[in-house]
Amino acid sequence: MVMTESTGATRSSTPLPLRVAWGVLAAFLLLWDVFEVLKHMGWVIPGAALGAALPFLGRLAGLGRPHEPGQLAPRAVPLHNLLNRAVIPFAIMVVFSFLGDGPEDIAAPFTFGMSWLTSIAFARALGFGLRTPDGWQR
């Protein structure tokens, strides 16, 4: 964790090669997201938008709570960490791939999960990710 007493933690100390890998995954998923939205339209569009915003909604639980710059309010950490676990949107994508009778049945929930995973991948590529119980970057 990159941390100084005067500024607090701002980004994780994730090694550069891992951050680059997250960035490559994020770019690939973004292209796939756009392809799926343009191919299916309809309910896929709000699903993709909600999926992209979902990892950031955990921060709302900490609004109005005292915290340092770069720190997430400790009250918001459990929800933030839950919404920023890559395994959850990946599981949604896998489960919905096997449900439904055809591509049109699974397009919206699959793209929702993929957009959620894309958002997580971009955050990890930029050095942001899970938080410690007191709200600092891991």
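Identification of the chain as DUF2231 domain-containing protein from Streptomyces heilongjiangensis is taken from an unreviewed UniProt entry.

1. A few points about the UniProt feature "transmembrane region" (unreviewed entry) in the chain
Taken from the UniProt record, the annotation "transmembrane region" (unreviewed entry) applies to residues 16-35, 41-61 and 106-130. Between the end C-alpha atoms of residues 41-61 there is a gap of 32 Å, over a span that is 67% helix and 0% strand. Spanning residues 106-130, this segment combines 80% helix with 0% strand, and its end C-alpha atoms are found 29 Å apart.

2. Details of the environment of Ala 86
Following the sequence through the fold, Ala 86 ends up in the loop between α3 (77-83) and α4 (87-98). Expressed as a C-alpha distance, the spacing of Ala 86 and Ala 125, which sit 39 residues apart in the sequence, is 13 Å. With near-sequence residues (within four places) excluded, Ala 86 lies in contact with Trp 22, Leu 117 and Ile 120.

3. A word on unusual backbone geometry
Non-glycine residue Met 41 carries a positive phi angle of around 50°. Tracing the sequence through the fold places Met 41 in the loop between α1 (16-40) and α2 (44-57). Residue Met 41 is classed as partly exposed on the basis of its relative accessible area of 40%.

4. Focus: the side chain of Glu 36
With respect to the element layout, Glu 36 can be found in helix α1. The buried charged residue Glu 36 lacks any salt bridge, with Lys 39 as its nearest oppositely charged partner at 5.1 Å. Contacts of Glu 36, omitting those with residues within four sequence positions, involve Met 41, Val 44, Thr 111 and Met 114.

5. Comments concerning the packing of aromatic side chains
Within this structure, the stated rule accounts for three aromatic pairs. Between Phe 28 and Trp 32, the aromatic rings sit 5.8 Å apart at their centres with planes inclined by 55°, giving tilted as the arrangement. Here the residue Phe 28 and the residue Trp 32 both occupy positions in helix α1, the gap between them amounting to four residues, near one helical turn. On the basis of relative accessibility, which here comes to 30%, the residue Trp 32 falls in the partly exposed class. Aromatic side chains Phe 112 and Trp 116 sit 5.8 Å apart centroid to centroid with 55° between the ring planes, which places their arrangement in the tilted category. Of the two residues, Phe 112 and Trp 116 both sit in helix α5 (residues 103-125), four residues apart, roughly one turn of that helix. For the pair Phe 112 and Trp 116, one class covers both residues: buried.

Criteria and thresholds
- Residues numbered from 1 in each chain as written.
- Predicted model: local features only at pLDDT ≥ 70, side-chain atom pairs only at ≥ 80, totals over all residues.
- Heavy atoms only, no water.
- UniProt positions renumbered as here; feature names shortened; annotations may be inferred.
- Helix = DSSP H or I, 4+ residues; strand = E, 2+ residues; numbered from the N terminus.
- Contact = heavy atoms within 4.5 Å.
- Buried < 20%, exposed > 50% of the residue type's maximum accessible area, 1.4 Å probe, protein only.
- Lys, Arg positive; Asp, Glu negative; His and termini not counted.
- Salt bridge = Lys/Arg side-chain N within 4 Å of Asp/Glu carboxyl O.
- Phe/Tyr/Trp six-rings, centres within 6.5 Å; stacked < 30°, edge-to-face > 60°.

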